[in-house]
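Structural overview
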Amino acid sequence: QCPWGAPNTTSISCSLADVMSEQLAKELQLEEENAAFPEVVAVAEGPFITGENIDTSSDLMLAQMLQMEFDREYDAQLRREEKKINGDSKVSISFENYRKVHPYDSDSSEDEVDWQDTRHDPYRADKPTTTPRKGFVGKGKDITTKHDEVVCGRKNTARMENFAPEFQVGDGIGMDLKLSNQVFNALKQHAYSEERRSARLHEKKEHSTAEKAVDPKTRLLLYKMVNAGMLETITGCISTGKESVVFHAYGGKSATEDKVIPPECAIKVFKTTLNEFKNRDKYIKDDYRFKDRFSKLNPRKIIRMWAEKEMHNLTRMQNAGIPCPQVVILKKHVLVMSFIGQDQVPAPKLKDVTLSSEDMKKAYYQILNMMQQLYKECNLVHADLSEYNMLWHDGKVWLIDVSQSVEPTHPHGLEFLFRDCRNVSQFFQKGGVAEALNERELFNAVSGLNITADNEVDFQAEIEALEKMNEDHVQNHGKKLSMFSNDGDPPIYDE
Ligand code: ADP
Ligand code: MN
(Lines give C-alpha, C1' and ligand atoms only; values in the text may rest on other atoms or scores of the structure.)
(Ligands and ions follow the chains in the order given, each with its own letter.)
Protein backbone atom coordinates (compact mmCIF):
# COMPACT_ATOMS: atom_id res chain seq x y z
CA GLN A 1 0.00 0.00 0.00
CA CYS A 2 0.93 3.59 -0.02
CA PRO A 3 4.03 4.02 2.13
CA TRP A 4 2.76 7.35 3.35
CA GLY A 5 -0.34 5.79 4.74
CA ALA A 6 -3.89 6.14 3.70
CA PRO A 7 -4.93 9.53 2.48
CA ASN A 8 -7.00 11.39 4.97
CA THR A 9 -10.41 11.19 3.52
CA THR A 10 -12.07 13.14 6.26
CA SER A 11 -11.51 16.39 4.44
CA ILE A 12 -12.84 19.46 6.19
CA SER A 13 -16.23 19.57 4.71
CA CYS A 14 -17.38 23.05 3.91
CA SER A 15 -20.50 23.76 2.02
CA LEU A 16 -20.75 26.29 -0.74
CA ALA A 17 -23.27 28.17 1.32
CA ASP A 18 -20.74 28.55 4.12
CA VAL A 19 -18.11 29.97 1.78
CA MET A 20 -20.60 32.36 0.31
CA SER A 21 -21.82 33.57 3.67
CA GLU A 22 -18.25 34.06 4.83
CA GLN A 23 -17.54 36.19 1.81
CA LEU A 24 -20.70 38.07 2.37
CA ALA A 25 -19.75 38.71 5.95
CA LYS A 26 -16.38 40.02 4.82
CA GLU A 27 -17.95 42.29 2.29
CA LEU A 28 -20.40 43.58 4.83
CA GLN A 29 -17.65 44.31 7.27
CA LEU A 30 -15.64 46.14 4.63
CA GLU A 31 -18.63 48.23 3.77
CA GLU A 32 -19.18 49.03 7.38
CA GLU A 33 -15.57 50.00 7.85
CA ASN A 34 -15.65 52.22 4.84
CA ALA A 35 -18.68 53.95 6.15
CA ALA A 36 -17.12 54.47 9.56
CA PHE A 37 -13.70 55.53 8.31
CA PRO A 38 -14.02 57.15 4.91
CA GLU A 39 -10.75 56.91 3.12
CA VAL A 40 -8.49 59.85 3.74
CA VAL A 41 -7.80 61.83 0.60
CA ALA A 42 -4.25 61.52 -0.53
CA VAL A 43 -2.43 64.41 1.08
CA ALA A 44 -0.19 65.04 -1.87
CA GLU A 45 -3.15 65.67 -4.09
CA GLY A 46 -5.18 68.01 -2.02
CA PRO A 47 -4.24 71.34 -0.54
CA PHE A 48 -1.46 70.81 1.91
CA ILE A 49 -2.44 73.46 4.39
CA THR A 50 -6.07 74.28 4.89
CA GLY A 51 -8.02 76.28 7.34
CA GLU A 52 -10.97 73.92 7.27
CA ASN A 53 -9.91 71.48 9.92
CA ILE A 54 -8.67 74.20 12.20
CA ASP A 55 -8.60 71.85 15.18
CA THR A 56 -6.12 69.35 13.89
CA SER A 57 -4.01 71.81 12.04
CA SER A 58 -3.65 74.00 15.06
CA ASP A 59 -2.86 70.94 17.16
CA LEU A 60 -0.04 70.23 14.83
CA MET A 61 1.03 73.81 14.97
CA LEU A 62 0.86 73.79 18.73
CA ALA A 63 2.96 70.67 18.84
CA GLN A 64 5.50 72.15 16.49
CA MET A 65 5.65 75.33 18.45
CA LEU A 66 6.04 73.45 21.70
CA GLN A 67 8.79 71.34 20.27
CA MET A 68 10.56 74.42 19.02
CA GLU A 69 10.23 76.00 22.44
CA PHE A 70 11.63 72.88 24.08
CA ASP A 71 14.50 72.82 21.68
CA ARG A 72 15.21 76.44 22.31
CA GLU A 73 15.25 75.95 26.06
CA TYR A 74 17.51 73.00 25.63
CA ASP A 75 19.88 75.05 23.55
CA ALA A 76 19.83 77.83 26.08
CA GLN A 77 20.85 75.35 28.75
CA LEU A 78 23.59 74.08 26.48
CA ARG A 79 24.84 77.59 26.02
CA ARG A 80 24.93 78.15 29.76
CA GLU A 81 26.94 74.98 30.20
CA GLU A 82 29.27 76.03 27.44
CA LYS A 83 29.82 79.35 29.15
CA LYS A 84 30.41 77.73 32.50
CA ILE A 85 32.99 75.37 31.08
CA ASN A 86 34.78 78.01 29.08
CA GLY A 87 34.84 80.68 31.79
CA ASP A 88 37.52 83.22 31.04
CA SER A 89 39.73 80.67 29.39
CA LYS A 90 41.35 81.78 26.18
CA VAL A 91 40.80 78.37 24.72
CA SER A 92 37.15 77.56 24.47
CA ILE A 93 35.06 74.65 23.41
CA SER A 94 31.80 74.77 21.59
CA PHE A 95 28.70 72.64 21.91
CA GLU A 96 27.30 74.03 18.74
CA ASN A 97 26.98 70.68 17.06
CA TYR A 98 24.71 69.51 19.82
CA ARG A 99 22.19 72.25 19.47
CA LYS A 100 18.69 71.34 18.46
CA VAL A 101 17.68 74.49 16.68
CA HIS A 102 19.96 74.94 13.79
CA PRO A 103 21.43 78.43 13.70
CA TYR A 104 19.98 79.15 10.27
CA ASP A 105 16.55 78.33 11.57
CA SER A 106 17.01 79.97 14.89
CA ASP A 107 14.73 82.86 15.52
CA SER A 108 16.13 84.58 18.53
CA SER A 109 18.29 87.41 17.39
CA GLU A 110 20.49 87.61 20.43
CA ASP A 111 22.30 84.43 19.53
CA GLU A 112 23.04 85.42 15.99
CA VAL A 113 26.31 87.10 16.73
CA ASP A 114 27.00 84.22 18.98
CA TRP A 115 26.85 81.52 16.38
CA GLN A 116 28.61 83.54 13.78
CA ASP A 117 31.49 83.90 16.11
CA THR A 118 31.65 80.24 16.90
CA ARG A 119 31.10 79.12 13.35
CA HIS A 120 33.91 81.07 11.84
CA ASP A 121 36.34 80.87 14.65
CA PRO A 122 39.38 79.14 13.19
CA TYR A 123 40.69 78.50 16.66
CA ARG A 124 37.64 76.66 17.72
CA ALA A 125 38.50 73.66 19.80
CA ASP A 126 37.42 70.19 18.86
CA LYS A 127 34.19 68.75 20.03
CA PRO A 128 34.27 67.86 23.68
CA THR A 129 35.57 64.35 23.97
CA THR A 130 32.61 62.29 24.91
CA THR A 131 32.16 58.65 24.33
CA PRO A 132 35.31 56.88 23.33
CA ARG A 133 35.33 55.86 19.69
CA LYS A 134 35.96 52.28 20.56
CA GLY A 135 36.66 50.25 23.61
CA PHE A 136 33.34 48.86 24.43
CA VAL A 137 33.33 45.86 22.17
CA GLY A 138 31.18 43.35 23.85
CA LYS A 139 32.45 42.53 27.27
CA GLY A 140 35.65 44.44 27.72
CA LYS A 141 37.51 45.22 30.89
CA ASP A 142 34.62 47.27 32.07
CA ILE A 143 32.33 44.40 32.27
CA THR A 144 33.97 41.29 33.51
CA THR A 145 35.03 43.07 36.58
CA LYS A 146 35.96 41.40 39.80
CA HIS A 147 35.57 44.68 41.62
CA ASP A 148 33.01 45.45 44.18
CA GLU A 149 29.64 45.73 42.53
CA VAL A 150 28.61 48.85 44.43
CA VAL A 151 31.76 50.84 43.71
CA CYS A 152 31.60 49.80 40.13
CA GLY A 153 27.94 50.77 39.86
CA ARG A 154 28.65 54.24 41.22
CA LYS A 155 31.55 54.61 38.84
CA ASN A 156 29.29 53.72 35.97
CA THR A 157 26.75 56.27 37.02
CA ALA A 158 29.43 58.91 37.19
CA ARG A 159 30.66 57.93 33.76
CA MET A 160 27.35 58.78 32.22
CA GLU A 161 28.39 62.38 32.53
CA ASN A 162 30.75 61.71 29.68
CA PHE A 163 28.00 60.97 27.23
CA ALA A 164 27.26 63.60 24.65
CA PRO A 165 25.52 66.54 26.29
CA GLU A 166 22.39 65.97 24.28
CA PHE A 167 21.98 62.55 25.79
CA GLN A 168 19.52 62.88 28.62
CA VAL A 169 20.71 60.94 31.64
CA GLY A 170 18.96 62.84 34.38
CA ASP A 171 20.90 64.44 37.19
CA GLY A 172 20.42 61.98 40.01
CA ILE A 173 21.85 64.46 42.47
CA GLY A 174 21.76 63.20 46.03
CA MET A 175 20.83 59.73 44.94
CA ASP A 176 23.10 56.80 45.32
CA LEU A 177 22.63 55.39 41.87
CA LYS A 178 24.39 52.24 40.91
CA LEU A 179 24.33 51.05 37.35
CA SER A 180 25.19 47.49 36.59
CA ASN A 181 27.79 47.00 33.92
CA GLN A 182 25.26 45.49 31.64
CA VAL A 183 22.94 48.46 31.84
CA PHE A 184 25.79 50.89 31.59
CA ASN A 185 27.15 49.28 28.46
CA ALA A 186 23.76 49.20 26.82
CA LEU A 187 23.34 52.86 27.59
CA LYS A 188 26.77 53.69 26.30
CA GLN A 189 26.11 51.85 23.10
CA HIS A 190 22.85 53.74 22.73
CA ALA A 191 24.42 57.09 23.51
CA TYR A 192 27.00 56.51 20.86
CA SER A 193 24.55 55.60 18.16
CA GLU A 194 22.34 58.53 19.18
CA GLU A 195 25.27 60.83 18.81
CA ARG A 196 25.94 59.63 15.32
CA ARG A 197 22.31 59.81 14.38
CA SER A 198 22.00 63.35 15.60
CA ALA A 199 25.13 64.36 13.74
CA ARG A 200 23.56 63.01 10.60
CA LEU A 201 20.35 64.84 11.32
CA HIS A 202 22.11 68.13 11.77
CA GLU A 203 23.92 67.59 8.54
CA LYS A 204 20.71 66.88 6.71
CA LYS A 205 18.95 69.84 8.20
CA GLU A 206 21.71 72.08 7.03
CA HIS A 207 21.58 70.98 3.44
CA SER A 208 17.96 70.32 2.75
CA THR A 209 16.41 73.55 3.92
CA ALA A 210 14.09 73.77 0.97
CA GLU A 211 14.64 71.14 -1.60
CA LYS A 212 11.13 70.99 -2.87
CA ALA A 213 8.94 71.73 0.06
CA VAL A 214 9.81 74.15 2.81
CA ASP A 215 11.62 73.87 6.10
CA PRO A 216 9.66 73.57 9.37
CA LYS A 217 10.07 77.25 10.22
CA THR A 218 8.59 78.34 6.93
CA ARG A 219 5.87 75.76 7.23
CA LEU A 220 4.95 77.19 10.58
CA LEU A 221 4.88 80.68 9.12
CA LEU A 222 2.49 79.46 6.45
CA TYR A 223 0.35 77.66 9.01
CA LYS A 224 0.07 80.84 10.98
CA MET A 225 -1.12 82.76 7.95
CA VAL A 226 -3.80 80.16 7.33
CA ASN A 227 -4.76 80.00 10.98
CA ALA A 228 -5.08 83.74 11.17
CA GLY A 229 -7.57 83.46 8.34
CA MET A 230 -5.49 85.62 6.06
CA LEU A 231 -5.17 82.73 3.64
CA GLU A 232 -7.86 80.18 3.20
CA THR A 233 -5.98 77.33 1.63
CA ILE A 234 -2.51 76.81 0.33
CA THR A 235 -3.11 74.54 -2.59
CA GLY A 236 0.31 73.64 -3.83
CA CYS A 237 3.51 74.59 -5.47
CA ILE A 238 3.63 76.58 -8.71
CA SER A 239 7.34 76.73 -9.19
CA THR A 240 10.57 75.69 -7.54
CA GLY A 241 13.41 77.79 -8.72
CA LYS A 242 16.96 78.03 -7.60
CA GLU A 243 16.28 80.85 -5.25
CA SER A 244 12.64 80.58 -4.42
CA VAL A 245 9.62 78.34 -4.17
CA VAL A 246 6.29 79.78 -5.22
CA PHE A 247 2.96 78.49 -3.91
CA HIS A 248 -0.61 79.17 -4.87
CA ALA A 249 -3.16 80.00 -2.20
CA TYR A 250 -6.72 81.12 -1.94
CA GLY A 251 -7.01 84.38 -0.07
CA GLY A 252 -8.91 84.68 3.15
CA LYS A 253 -10.15 87.61 5.14
CA SER A 254 -8.09 90.57 6.09
CA ALA A 255 -7.73 91.56 9.71
CA THR A 256 -8.10 95.21 8.81
CA GLU A 257 -11.00 96.67 6.89
CA ASP A 258 -9.03 98.88 4.56
CA LYS A 259 -6.97 96.07 3.10
CA VAL A 260 -8.49 93.54 0.77
CA ILE A 261 -6.81 90.21 0.25
CA PRO A 262 -7.02 89.09 -3.36
CA PRO A 263 -9.07 85.94 -4.00
CA GLU A 264 -5.97 84.13 -5.23
CA CYS A 265 -2.46 84.68 -3.93
CA ALA A 266 1.06 83.67 -4.85
CA ILE A 267 3.43 82.98 -1.98
CA LYS A 268 7.07 83.40 -2.80
CA VAL A 269 9.31 81.70 -0.28
CA PHE A 270 12.90 82.76 -0.63
CA LYS A 271 15.09 79.77 -0.06
CA THR A 272 17.06 79.72 3.07
CA THR A 273 19.78 77.60 1.58
CA LEU A 274 22.48 80.09 1.17
CA ASN A 275 24.65 78.80 -1.63
CA GLU A 276 22.52 80.18 -4.39
CA PHE A 277 22.52 83.63 -2.97
CA LYS A 278 26.24 84.06 -2.81
CA ASN A 279 26.45 84.95 -6.46
CA ARG A 280 23.78 87.56 -6.06
CA ASP A 281 25.90 89.62 -3.73
CA LYS A 282 26.72 92.03 -6.47
CA TYR A 283 23.14 93.22 -6.76
CA ILE A 284 22.59 94.07 -3.17
CA LYS A 285 26.06 94.78 -1.90
CA ASP A 286 26.39 97.89 -4.00
CA ASP A 287 22.82 99.00 -3.67
CA TYR A 288 23.20 102.05 -1.49
CA ARG A 289 19.70 101.58 -0.11
CA PHE A 290 21.02 98.55 1.68
CA LYS A 291 24.63 99.55 2.06
CA ASP A 292 24.70 100.32 5.74
CA ARG A 293 22.93 97.15 6.61
CA PHE A 294 24.77 94.73 4.44
CA SER A 295 28.06 94.52 6.25
CA LYS A 296 26.58 93.76 9.63
CA LEU A 297 24.23 91.05 8.53
CA ASN A 298 24.34 87.32 8.63
CA PRO A 299 23.26 85.32 5.59
CA ARG A 300 19.80 84.61 6.89
CA LYS A 301 19.09 88.29 7.28
CA ILE A 302 20.35 88.92 3.78
CA ILE A 303 17.80 86.48 2.41
CA ARG A 304 15.06 88.34 4.21
CA MET A 305 16.39 91.44 2.55
CA TRP A 306 15.79 89.91 -0.87
CA ALA A 307 12.18 89.43 0.06
CA GLU A 308 12.05 92.97 1.39
CA LYS A 309 13.58 94.29 -1.80
CA GLU A 310 11.04 92.51 -3.91
CA MET A 311 8.29 94.00 -1.82
CA HIS A 312 9.59 97.56 -2.10
CA ASN A 313 10.20 97.25 -5.80
CA LEU A 314 6.75 95.81 -6.43
CA THR A 315 5.24 98.66 -4.47
CA ARG A 316 7.07 101.23 -6.58
CA MET A 317 5.85 99.53 -9.73
CA GLN A 318 2.33 99.34 -8.42
CA ASN A 319 2.40 103.05 -7.71
CA ALA A 320 3.51 103.74 -11.26
CA GLY A 321 0.69 101.62 -12.63
CA ILE A 322 2.88 98.93 -14.12
CA PRO A 323 1.04 95.58 -14.27
CA CYS A 324 2.66 93.43 -11.60
CA PRO A 325 1.65 91.39 -8.56
CA GLN A 326 0.26 93.41 -5.72
CA VAL A 327 1.97 92.96 -2.37
CA VAL A 328 -0.24 91.46 0.31
CA ILE A 329 2.16 90.89 3.15
CA LEU A 330 5.80 90.22 3.91
CA LYS A 331 6.81 87.95 6.77
CA LYS A 332 10.50 87.30 7.10
CA HIS A 333 11.54 85.54 3.90
CA VAL A 334 7.98 84.87 2.77
CA LEU A 335 6.28 87.31 0.42
CA VAL A 336 2.56 87.02 -0.27
CA MET A 337 1.28 88.78 -3.37
CA SER A 338 -1.66 88.64 -5.71
CA PHE A 339 -1.75 85.73 -8.10
CA ILE A 340 -1.39 86.40 -11.82
CA GLY A 341 -3.59 83.78 -13.40
CA GLN A 342 -6.87 82.15 -12.61
CA ASP A 343 -8.28 79.07 -10.88
CA GLN A 344 -4.87 77.96 -9.68
CA VAL A 345 -3.45 78.13 -13.19
CA PRO A 346 -0.65 80.67 -13.34
CA ALA A 347 -0.45 82.91 -16.37
CA PRO A 348 2.02 81.58 -18.91
CA LYS A 349 5.45 83.08 -19.25
CA LEU A 350 6.02 85.03 -22.41
CA LYS A 351 8.41 82.34 -23.57
CA ASP A 352 5.71 79.68 -23.32
CA VAL A 353 2.89 81.45 -25.05
CA THR A 354 2.26 81.80 -28.77
CA LEU A 355 0.93 85.20 -29.56
CA SER A 356 -0.60 86.44 -32.76
CA SER A 357 1.64 88.89 -34.56
CA GLU A 358 -0.73 91.61 -33.51
CA ASP A 359 -0.50 90.70 -29.81
CA MET A 360 3.24 90.32 -30.18
CA LYS A 361 3.52 93.87 -31.44
CA LYS A 362 1.22 95.09 -28.70
CA ALA A 363 3.30 93.28 -26.09
CA TYR A 364 6.45 94.85 -27.45
CA TYR A 365 5.20 98.42 -27.21
CA GLN A 366 3.80 97.72 -23.79
CA ILE A 367 7.16 96.46 -22.58
CA LEU A 368 8.99 99.40 -24.10
CA ASN A 369 6.60 101.62 -22.20
CA MET A 370 7.00 99.69 -18.96
CA MET A 371 10.77 99.77 -19.16
CA GLN A 372 10.67 103.54 -19.49
CA GLN A 373 8.24 103.85 -16.61
CA LEU A 374 10.33 101.54 -14.51
CA TYR A 375 13.40 103.65 -15.18
CA LYS A 376 11.93 107.12 -14.96
CA GLU A 377 9.07 106.79 -12.51
CA CYS A 378 10.20 103.95 -10.31
CA ASN A 379 13.88 104.74 -10.61
CA LEU A 380 14.54 101.06 -11.15
CA VAL A 381 16.24 98.68 -13.54
CA HIS A 382 14.67 95.23 -13.55
CA ALA A 383 18.04 93.48 -13.93
CA ASP A 384 16.56 90.10 -14.80
CA LEU A 385 14.15 91.05 -17.52
CA SER A 386 13.47 88.37 -20.10
CA GLU A 387 10.65 86.28 -21.50
CA TYR A 388 11.02 84.12 -18.36
CA ASN A 389 9.94 86.88 -16.01
CA MET A 390 7.08 88.32 -18.00
CA LEU A 391 3.65 86.75 -17.82
CA TRP A 392 0.90 87.05 -20.40
CA HIS A 393 -2.40 87.58 -18.66
CA ASP A 394 -5.59 89.42 -19.46
CA GLY A 395 -4.28 90.50 -22.83
CA LYS A 396 -1.21 92.21 -21.46
CA VAL A 397 2.26 91.64 -20.09
CA TRP A 398 2.90 91.50 -16.34
CA LEU A 399 6.32 91.96 -14.82
CA ILE A 400 7.39 89.67 -11.98
CA ASP A 401 10.53 88.65 -10.11
CA VAL A 402 11.99 92.00 -9.09
CA SER A 403 13.95 91.05 -5.99
CA GLN A 404 17.19 91.77 -7.80
CA SER A 405 16.10 95.06 -9.34
CA VAL A 406 18.34 98.02 -8.61
CA GLU A 407 18.35 101.74 -9.07
CA PRO A 408 19.96 103.04 -12.25
CA THR A 409 22.79 104.62 -10.28
CA HIS A 410 23.79 101.26 -8.86
CA PRO A 411 27.46 100.74 -9.82
CA HIS A 412 26.38 98.15 -12.38
CA GLY A 413 22.89 99.46 -12.99
CA LEU A 414 23.46 100.49 -16.59
CA GLU A 415 25.09 97.18 -17.44
CA PHE A 416 22.05 95.40 -16.04
CA LEU A 417 19.82 97.64 -18.10
CA PHE A 418 21.77 96.89 -21.21
CA ARG A 419 21.44 93.18 -20.59
CA ASP A 420 17.68 93.60 -20.11
CA CYS A 421 17.49 95.51 -23.38
CA ARG A 422 19.41 92.81 -25.19
CA ASN A 423 17.03 90.10 -23.92
CA VAL A 424 13.95 92.08 -24.85
CA SER A 425 15.05 93.17 -28.27
CA GLN A 426 16.33 89.72 -29.19
CA PHE A 427 13.10 88.10 -28.10
CA PHE A 428 10.94 90.42 -30.15
CA GLN A 429 13.20 90.51 -33.17
CA LYS A 430 13.13 86.72 -33.24
CA GLY A 431 9.40 86.88 -32.63
CA GLY A 432 8.95 88.78 -35.85
CA VAL A 433 8.26 92.29 -34.60
CA ALA A 434 9.77 94.39 -37.33
CA GLU A 435 9.45 97.60 -35.33
CA ALA A 436 11.53 96.27 -32.43
CA LEU A 437 14.49 98.51 -31.69
CA ASN A 438 17.87 96.91 -31.45
CA GLU A 439 19.42 96.64 -28.00
CA ARG A 440 21.39 99.89 -28.25
CA GLU A 441 18.46 101.91 -29.50
CA LEU A 442 16.28 100.38 -26.82
CA PHE A 443 18.83 101.25 -24.16
CA ASN A 444 18.86 104.89 -25.21
CA ALA A 445 15.09 104.98 -25.49
CA VAL A 446 14.68 103.67 -21.96
CA SER A 447 17.45 105.56 -20.22
CA GLY A 448 17.19 108.82 -22.12
CA LEU A 449 20.94 108.69 -22.51
CA ASN A 450 22.44 109.29 -25.90
CA ILE A 451 25.21 106.80 -26.36
CA THR A 452 26.23 106.99 -29.98
CA ALA A 453 28.59 104.04 -30.30
CA ASP A 454 27.43 101.90 -33.19
CA ASN A 455 28.88 98.62 -32.06
CA GLU A 456 28.39 96.56 -28.97
CA VAL A 457 31.93 96.73 -27.62
CA ASP A 458 32.19 100.51 -27.74
CA PHE A 459 28.69 100.85 -26.44
CA GLN A 460 29.47 98.74 -23.43
CA ALA A 461 32.68 100.62 -22.82
CA GLU A 462 30.76 103.88 -22.72
CA ILE A 463 28.28 102.42 -20.29
CA GLU A 464 31.05 101.34 -17.98
CA ALA A 465 32.71 104.73 -18.26
CA LEU A 466 29.48 106.38 -17.19
CA GLU A 467 29.17 104.04 -14.26
CA LYS A 468 32.71 104.76 -13.22
CA MET A 469 32.23 108.48 -13.46
CA ASN A 470 29.26 108.18 -11.19
CA GLU A 471 31.16 106.11 -8.67
CA ASP A 472 34.05 108.55 -8.61
CA HIS A 473 31.59 111.30 -7.97
CA VAL A 474 30.17 109.35 -5.07
CA GLN A 475 33.65 108.84 -3.69
CA ASN A 476 34.41 112.55 -3.85
CA HIS A 477 31.10 114.11 -3.05
CA GLY A 478 29.22 111.40 -1.22
CA LYS A 479 26.24 111.59 -3.49
CA LYS A 480 25.12 110.29 -6.81
CA LEU A 481 25.35 112.31 -9.98
CA SER A 482 21.97 113.16 -11.30
CA MET A 483 23.21 113.09 -14.88
CA PHE A 484 21.31 109.94 -15.63
CA SER A 485 18.53 110.02 -13.17
CA ASN A 486 15.07 111.36 -13.77
CA ASP A 487 15.53 115.00 -14.77
CA GLY A 488 17.18 115.82 -11.48
CA ASP A 489 14.20 114.71 -9.47
CA PRO A 490 15.08 113.05 -6.22
CA PRO A 491 14.73 109.29 -6.38
CA ILE A 492 11.38 108.02 -5.22
CA TYR A 493 11.50 106.39 -1.86
CA ASP A 494 8.65 104.39 -0.62
CA GLU A 495 10.54 102.85 2.23
P1 ADP B 1 12.45 82.95 -9.36
O2 ADP B 1 13.40 83.91 -8.73
O3 ADP B 1 12.48 81.60 -8.74
O4 ADP B 1 12.52 82.95 -10.86
P5 ADP B 1 9.85 84.17 -9.77
O6 ADP B 1 9.36 85.35 -9.00
O7 ADP B 1 10.27 84.40 -11.19
O8 ADP B 1 11.01 83.51 -8.92
O9 ADP B 1 8.74 83.06 -9.72
C10 ADP B 1 8.90 81.82 -10.30
C11 ADP B 1 7.69 81.41 -11.10
O12 ADP B 1 6.54 81.39 -10.28
C13 ADP B 1 7.37 82.38 -12.19
O14 ADP B 1 8.02 82.06 -13.37
C15 ADP B 1 5.88 82.26 -12.34
O16 ADP B 1 5.55 81.19 -13.20
C17 ADP B 1 5.43 81.91 -10.95
N18 ADP B 1 4.97 83.10 -10.25
C19 ADP B 1 5.68 83.93 -9.45
N20 ADP B 1 4.93 84.92 -8.96
C21 ADP B 1 3.69 84.74 -9.46
C22 ADP B 1 2.44 85.43 -9.31
N23 ADP B 1 2.33 86.53 -8.56
N24 ADP B 1 1.37 84.93 -9.97
C25 ADP B 1 1.48 83.83 -10.73
N26 ADP B 1 2.61 83.13 -10.89
C27 ADP B 1 3.71 83.56 -10.28
MN1 MN C 1 11.95 84.19 -12.36
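Above this text is the structure in question.
No experiment lies behind these values; they were computed from the predicted model shown.

Things to note about the overall build of the protein chain
- Within the protein chain, the regular secondary structure consists of 14 helices and 10 strands.
- Within the protein chain, buried positions represent 41% of all 495 residues.
- Within the protein chain, residue pairs in contact and separated by at least 24 positions form 66% of the contacts whose partners lie at least 6 positions apart.
- Accessible surface, the protein chain as shown: approximately 29100 Å² in total, 53% of it carbon and sulfur.

What to know about the coordination of the manganese ion (ligand 2)
- Here the manganese ion (ligand 2) is held by the protein donor atoms Asn389 (OD1) and Asp401 (OD), which lie 2.2 Å from it. Of the two residues, asparagine 389 sits in the loop between helix H11 (357-376) and strand E9 (390-393) while aspartate 401 sits in the loop between strand E10 (396-399) and helix H12 (413-430), which places them 12 residues apart along the sequence.

Some points on the site of ligand 1
- Contacts to ligand 1 come from 16 residues, most closely from Ser244, Lys268, Ile340, Lys349 and Asp401.
- The contact in question runs from a nitrogen atom of ligand 1 to an N or O atom on the backbone of serine 338, over 3.0 Å.
- At a separation of 2.8 Å, a nitrogen atom of ligand 1 approaches a polar backbone atom of isoleucine 340.
- The protein chains hide 90% of the 540 Å² of surface that ligand 1 would expose on its own.
- For the shell around ligand 1, the secondary-structure elements that each account for two or more residues are strand E3 (244-251), strand E4 (264-270) and strand E6 (334-338).
- When grouped by side-chain class, the residues that make up the shell around ligand 1 number eight nonpolar, five polar and three charged.
- Counting contributing residues per domain, the shell around ligand 1 is built from domain 2 (213-346) and domain 3 (349-481), each supplying no fewer than three.

Topic: a nonpolar patch on the surface
- Among the surface-exposed residues, Leu16, Val19 and Met20 lie close enough to one another that they form a single nonpolar patch of about 310 Å² accessible area.
- By secondary structure assignment, the location of leucine 16 is in helix H1 (residues 16-36).
- The exposure class of leucine 16 is exposed, given its relative accessible area of 66%.

Here we look at H12
- The end-to-end C-alpha distance of H12 is 26 Å, a good match for the 26 Å that 18 residues give at a rise of 1.5 Å each.
- Three or more residues of H12 are buried, namely Gly413, Leu414, Phe416, Leu417, Phe418, Asp420, Cys421, Val424, Ser425, Phe427 and Phe428.
- Immediately beyond the C-terminal end of H12, within one or two residues, lies glycine 432, with a positive phi of roughly 85°.

Describing the pairing of strand E5 (residues 327-331)
- Across four bridges, E5 lies against E6 in antiparallel orientation. Residue valine 327 lies in a different strand from E6, and its bridge partner there is methionine 337.
- In this structure, the hairpin formed by E5 and E6 is closed by a connection of two residues, where lysine 332 is found at a positive phi of approximately 50°.

Re helix H13 (residues 439-447)
- Those residues of H13 lying buried are Glu439, Leu442, Phe443, Asn444, Val446 and Ser447.
- Its side-chain oxygen 2.9 Å from the backbone nitrogen of arginine 440, asparagine 438 forms the N-cap of H13.
- Once H13 ends, the next one or two residues include glycine 448, with phi positive near 75°.

Side note on a negative patch on the surface
- Together, Glu27, Glu31, Glu32 and Glu33 give the surface a local cluster of negative charge.
- Along the chain, glutamate 27 turns up in helix H1.

Quick notes on the nonpolar core
- Ranked by size, the top nonpolar core spans 58 residues in total, and within it Leu350, Ile367, Met371, Phe428 and Phe443 carry the most contacts.
- Of all the elements, H11 adds the most residues to this core, at nine residues.
- In this structure, this core is formed jointly by two domains, domain 2 (213-346) and domain 3 (349-481), each of which donates at least three residues.
- Dropping the residues within four chain positions of it, phenylalanine 428 is found in contact with Leu350, Met360, Ala363, Tyr364, Ile367, Val433 and Ala436.

The rules behind the values
- Along every chain, residues carry numbers that run from 1 in the direction the sequence is written.
- Numbering of ligands from 1 and lettering of chains from A proceed in the order in which they are written.
- Selection of residues for local features in this predicted model requires a pLDDT of at least 70, selection of side-chain atom pairs for listing and counting requires 80 or more, and totals for whole chains, interfaces and linings are taken over all residues.
- Excluding hydrogens and water, the side-chain values take into account all heavy atoms of the structure.
- Segments assigned H or I by DSSP are reported as helices when at least four residues long, segments assigned E as strands when at least two residues long, and all are numbered from the N terminus.
- Three labels apply to residues, based on accessible area from a 1.4 Å probe with only protein chains included: buried if under 20% of the type maximum, exposed if over 50%, partly exposed otherwise in between.
- Residue contacts are defined here by distance: any two heavy atoms, one from each residue, within 4.5 Å place the two residues in contact.
- Per-residue accessibility takes into account occlusion by the displayed protein chains alone, with areas from the Shrake-Rupley method and a 1.4 Å probe.
- Only nitrogen, oxygen and sulfur atoms qualify as donors, provided they sit within 2.8 Å of the metal or within 3.2 Å for Na, K and Ca; with water excluded from the atoms, sites may seem incomplete.
- One heavy atom within 4 Å of a molecule or strand makes the whole residue count as near it.
- We define a polar contact as two N or O atoms separated by no more than 3.5 Å, with the added condition that, inside protein, one atom must be a possible hydrogen donor and the other a possible acceptor, whereas residues neighbouring each other in sequence contribute only through side-chain atom pairs.
- Basically, the charged four are Asp, Glu, Lys and Arg, the nonpolar ten are Ala, Val, Leu, Ile, Met, Phe, Trp, Tyr, Cys and Pro, and anything else, Gly included, counts as polar.
- Where a domain begins and ends is set by an automatic assignment or by a domain database.
- Nonpolar side chains (Val, Leu, Ile, Met, Phe, Trp, Tyr) are joined into patches within 5 Å and like charges within 9 Å, using only residues with over 30% relative accessible area and no salt bridge.
- A side-chain nitrogen of Lys or Arg and a carboxyl oxygen of Asp or Glu constitute a salt bridge if their distance falls within 4 Å.
- What a helix is expected to span follows from its residue count: subtract one and scale by 1.5 Å.
- Pairing between two strands is assigned when DSSP locates at least 2 bridges connecting them.
- None of His or the chain ends enter the tally, which takes Lys and Arg as positive and Asp and Glu as negative.
- All charge positions are set by atom: Lys at NZ, Arg at CZ, Asp at CG, Glu at CD.
- Within this scheme, the nonpolar core is defined by two criteria: the residues are buried Ala, Val, Leu, Ile, Met, Phe, Trp, Tyr or Cys, and they are joined through side-chain atoms within 4.5 Å.

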